[in-house]
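# Residue-level structure breakdown
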Amino acid sequence: MHSVVNNSLRGSIRNWKMVFDSAKSVGIVMQVHVASQSHSLPENYEEAIKTLNTLQSNAETIQTTVRNSAEMERWRFLETEKYLERTGVSLERLDKLSVIHVAGTKGKGSTCALVDSILQCHGIRTGFFSSPHLISVTERIRLNGIPVSEENFVKYFWRIYNLLRKAQDHETDMPTYFKFLTIMAFNVFLEENVDVAIMEVGIGGEYDCTNIVRNTKTVGITSLGLDHTQILGNTVEEIAWQKAGIIKQKSHVFTVTQPAGCLEVIQKRASEKKAVLTVVPEFSAYTWKFYPTNNVGTHAQRSNASLAMQLSHDWLQHHRLTRTPQNINLLENISDDISMGIEKAKWPGRCHMVPFHRRRVFLDGAHTVESIEVCAEWFTDNTAKSNNPKCLIFNVTGSRDTKKLLSTLLETSSFNLILFTPNIACNRYNSSDNTSVLVDRDEALEKCKTNEKLLYEILAEKHSKNGLNGLNGSSKTHSKVINSVADAFYFLDSIYGRDREIDILITGSLYLIGASLLALEHVDTSDTSNCNFNK
């Protein structure tokens with residue numbers, strides 16, 4: 001994103017104004033666009049995105065957020081109400097929006113996408129708010145599964161932005177990137193009169209700005225693990241407490257089988273709210289008329305699907321009955337509508353294979369140890385019978401433990417070549433939708449070089465401990481740092497030629513997946529003349 005930040009803005013921000021919800025905005029760094037202080041900006045999509053990007057928090061802001069107390073987090077959470085009301089939406093009006101709220105460490109976006117698809121197959125008009133986006137910011141706000149159009153995005157963005165600017169008490173009195181989009185999503189869903197809004201939590205739950213909703217009757221908590229530990233806590237129990245913060249009074253709460261200690265925390269929080277907690281059945285326990293062939297290929301996908309089916313079923317009961325049933329009526333026999341919803345669900349970048357010329361490109365935005373394990377299992381299962389060279393394109397963002405993620409991946413999968421690249425699609429093409437203020441290009445490349453050194457440490461440790469037999473084929477692994485994803489594809493062409501089939505896994509960051517999808521749109525397989533392989 002942007003390398004220049006408004007100095008006056010930076011200087012005047014106070015610690016209590018720094019919020020964690022924009023910590024998800026991690027990606028590329030390009031040139032910062034500073035919004036004009038006048039209101040003469042052309043109100044088009046490009047200017048909307050550039051203006052939206054000025055609301056991102058910088059690295060200093062996020063580090064200060066990490067150090068802040070729970071009391072400050074509560075204050076920032078309440079700040080969402082202030083900004084929401086400035087756009088004309090009171091909490092009382094928000095109460096009229098029917099919401100399915102989903103938190104978790106892994107799989108919450110996939111679960112929400114499945115719920116969205118299942119309910120559409122029942123004729124329900126849905127709104128769906130998710131983060132982050134892969135290619136276009138419009139992906140974060142969907143109506144009936146379709147990202148809001150650029151025309152409608154522009155309409156809602158500038159109306160809300162101008163209302164908030166007009167009501168400012170001081171120059172820095174504006175919501176951050178994620179908070180702004182959350183407020184915008186609520187406005188869109190209310191005005192578009194959706195039957196239900198499916199809300200994916202940004203980070204945590206208790207203090208996440210999506211948790212401003214007060215009247216949620218159906219709540220989901222996906223699989224939990226260690227993630228965002230600097231913000232949420234150092235143990236799975238502390239993280240479970242944060243995630244369970246979305247539970248509301250007398251709501252129906254559904255979750256999957258959890259690590260030891262997590263379920264007790266969720267149960268305690270549910271009891272405090274007089275909510276009913278249910279662990280959903282294993283996928284194999286259901287009776288099917290039509291068994292879906294898509295989105296159920298891995299254990300994690302089947303777990304997400306079971307949770308999504310129960311969330312959808314519970315909401316449909318709430319929607320169709322005048323009184324909320326006190327007891328949970330678990331779904332057992334799966335209708336064709338539910339099966340079709342699972343079959344039709346689209347959620348790119350998660351266990352997603354794309355054929356590209358003679359390459360098979362496997363894309364998965366895994367960025368935790370647990371999700372990397374799922375990714376490795378999926379890739380290995382799908383390439384077990386292939387004699388193609390296997391290549392990895394890898395990057396991580398933020399403070400995640402690169403060594404642990406790579407080690408976990410290499411325990412299951414082996415690669416002939418590993419390429420480390422920033423979350424940059426192409427040196428000759430870049431999108432304002434995928435820019436970040438956190439790190440510039442040179443810093444991103446340095447991080448990639450550090451990641452490559454960690455790979456050598458992993459291989460050396462494996463060799464020392466287990467000898468060559470313990471390297472899982474990694475003794476023959478080669479690596480290189482490349483400037484962009486597009487250059488990585490060109491480099492593979494230079495090594496293997498264009499006619500040889502290759503299996504390529506891209507993982508470590510959802511932002512890398514977004515850059516990869518952009519690169520696949522812009523890679524010219526007949527021209528490598530402008531490539532820089534960082535030799």
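Residues numbered from 1 in each chain as written. Predicted model: local features only at pLDDT ≥ 70, side-chain atom pairs only at ≥ 80, totals over all residues. Heavy atoms only, no water.

Turning next to the overall build of the protein. When its secondary structure is counted, the protein shows 18 helices and 16 strands. Counting over 535 residues, the protein shows a buried share of 59%. If you take every contact in the protein between residues at least 6 apart in sequence, the share linking residues at least 24 apart comes to 81%. Just so you have it, the protein exposes about 21,900 Å², and 48% of that area is on carbon and sulfur atoms. (Helix = DSSP H or I, 4+ residues; strand = E, 2+ residues; numbered from the N terminus. Buried < 20%, exposed > 50% of the residue type's maximum accessible area, 1.4 Å probe, protein only. Contact = heavy atoms within 4.5 Å. Areas by Shrake-Rupley, 256 points an atom, 1.4 Å probe, with all protein chains shown as cover.)

To continue, consider the packing of helix 2 (residues 45–53) against helix 7 (residues 150–166). Direction vectors running N to C along helix 2 and helix 7 enclose 50°, while the axes themselves pass 9 Å from each other. Taken together, the axes of helix 2 and helix 7 are oblique relative to one another. The interaxial crossing formed by helix 2 with helix 7 has left-handed handedness. Between helix 2, through Tyr45, Glu47, Ala48, Ile49, Thr51 and Leu52, and helix 7, the contact on the second element is made entirely by Glu150, Phe153, Val154, Phe157, Trp158 and Tyr161. Here the residues of the contact of helix 2 with helix 7 sort into nine nonpolar, one polar and two charged. (Axes fitted to C-alpha atoms, helices over the stretch in contact; angles between N-to-C directions. Parallel < 35°, antiparallel > 145°, perpendicular 65-115°, else oblique. Left-handed = near helix turned anticlockwise from the far one by under 90°. Nonpolar A, V, L, I, M, F, W, Y, C, P; charged D, E, K, R; others polar.)

Take the side chain of Arg140 next. As for its placement among the helices and strands, Arg140 is situated in the loop between strand 2 (126–129) and strand 3 (141–143). Summary of buried charges: Arg140 has no salt-bridge partner, and the nearest side chain of opposite charge, Glu139, is 7.5 Å away. At 2.9 Å, the side chain of Arg140 and the side chain of His133 are in polar contact. Sequence-distant contacts of Arg140, that is, excluding residues within four places in its chain, are made with Phe128, Phe129, Ser130, Ser131, Pro132, His133, Tyr177, Phe178 and Leu181. (Lys, Arg positive; Asp, Glu negative; His and termini not counted. Salt bridge = Lys/Arg side-chain N within 4 Å of Asp/Glu carboxyl O. Polar contact = N/O pair within 3.5 Å; in protein donor to acceptor, adjacent residues only side chain to side chain.)

Note on helix geometry: an α-helix contains 3.6 residues per turn, so any two residues three or four positions apart are oriented the same way. Taking 1.5 Å per residue as the helical rise, helix 12 (residues 299–320) with its 22 residues ought to reach 32 Å, and the 32 Å between its terminal C-alpha atoms agrees with that figure. Across the 22 residues of helix 12, 16 count as buried, placing the element largely inside the fold. (Expected span 1.5 Å × (residues − 1).)

Our next topic: the confidence of the model for the protein. Looking at the protein, pLDDT values average 83 and 80% of them are 70 or higher. The low-confidence segment residues 1–39 (pLDDT under 50) makes 128 contacts with residues lying over four places distant or belonging to another chain. For residues 468–475, every residue scores under 50 in pLDDT, and the model assigns this stretch 14 contacts once sequence neighbours within four places are set aside. (pLDDT = per-residue confidence, 0-100.)

Judged by which residues are buried, strand 14 (residues 417–420) turns out to be covered on both faces: Leu417 and Leu419 on one side and Ile418 and Phe420 on the other are all buried. Pairing of strand 13 (residues 390–394) with strand 14 involves four bridges; the strand directions are parallel. Bridge pairing in strand 14 places Cys391 opposite Leu417. Handedness of the strand 13-helix 15 (residues 402–412)-strand 14 crossover: right-handed. When strand 14 meets strand 15 (residues 478–481), the two strands line up parallel, connected through four bridges. If you follow Leu417 over to strand 15, its bridge partner there is His478. (Pairing = 2+ DSSP bridges. Right-handed = clockwise from strand over helix to strand, strands pointing away.)

In this section: the packing of aromatic side chains. Aromatic ring pairs are reported here in terms of the distance separating the ring centres and the angle at which the planes meet. Counted under the stated rule, the structure contains 19 aromatic pairs. Pairing Phe356 with Phe489 gives two aromatic rings, centres 5.8 Å apart and planes at 50°, and the pair type is tilted. Within this pair, whereas Phe356 is found in strand 11 (residues 352–356), its partner Phe489 is found in helix 17 (residues 485–496), the two being separated by 133 residues in sequence. Taking the centre distance of 5.2 Å and the plane angle of 85° together, the rings of Phe362 and Phe379 count as edge-to-face. (Phe/Tyr/Trp six-rings, centres within 6.5 Å; stacked < 30°, edge-to-face > 60°.)

So, about unusual backbone geometry. Between Ser131 and the following residue, Pro132, the backbone shows a cis peptide bond with an omega angle of -10°. Locating Pro132 in the fold gives a position in the loop between strand 2 and strand 3. Its identity is not glycine, yet Lys250 carries a phi of approximately 55°, on the positive side. Along the chain, the position of Lys250 falls in the loop between helix 10 (236–243) and strand 7 (252–255).

Take the nonpolar core next. Ranked by internal contacts, the top residues of the largest apolar core, which has 44 residues, are Leu94, Phe153, Met184 and Phe189. Put simply, the parts of the chain that give this core at least two residues each are helix 2, helix 4 (70–86), helix 5 (91–94), strand 3, helix 7, helix 8 (177–191) and strand 5 (196–200). Looking at this core element by element, the count peaks at 11 residues for helix 8. Among all residues touching Met184, those that are not within four sequence positions of it are Ile141, Phe153, Tyr156, Phe157 and Ile160. (Core = buried A, V, L, I, M, F, W, Y, C linked by side-chain atoms within 4.5 Å.)

Moving on: the side chain of Asn304. Along the chain, the position of Asn304 falls in helix 12. Setting aside residues no more than four positions away along its own chain, Asn304 makes contact with Gly107, Ser110, Thr111 and Leu114.

Tallying each qualifying case throughout the model produces 17 salt bridges. A salt bridge links Glu79 to Lys179; its shortest N-O distance comes to 3.2 Å. Of this pair, Glu79 sits in helix 4 while Lys179 sits in helix 8, and the two are 100 residues apart along the sequence. Look at Glu79 and you get buried, because its relative accessible area is 7%. The partner of Arg214 in a salt bridge is Glu92, with the nearest N and O atoms 3.8 Å apart.

Pairing is mixed across the open sheet formed by six strands, whose spatial order is 11-12-16-13-14-15. In the strand order of this sheet, the two ends are held by strand 11 and strand 15, each with one partner. Strand-to-strand twist in this sheet, taken as the mean axis angle between neighbours without regard to direction, amounts to 20°. Contacts from helix 14 (residues 369–383) reach strand 11, strand 12 (359–364), strand 13 and strand 16 (502–507), with the element oriented near 160° to strand 12.

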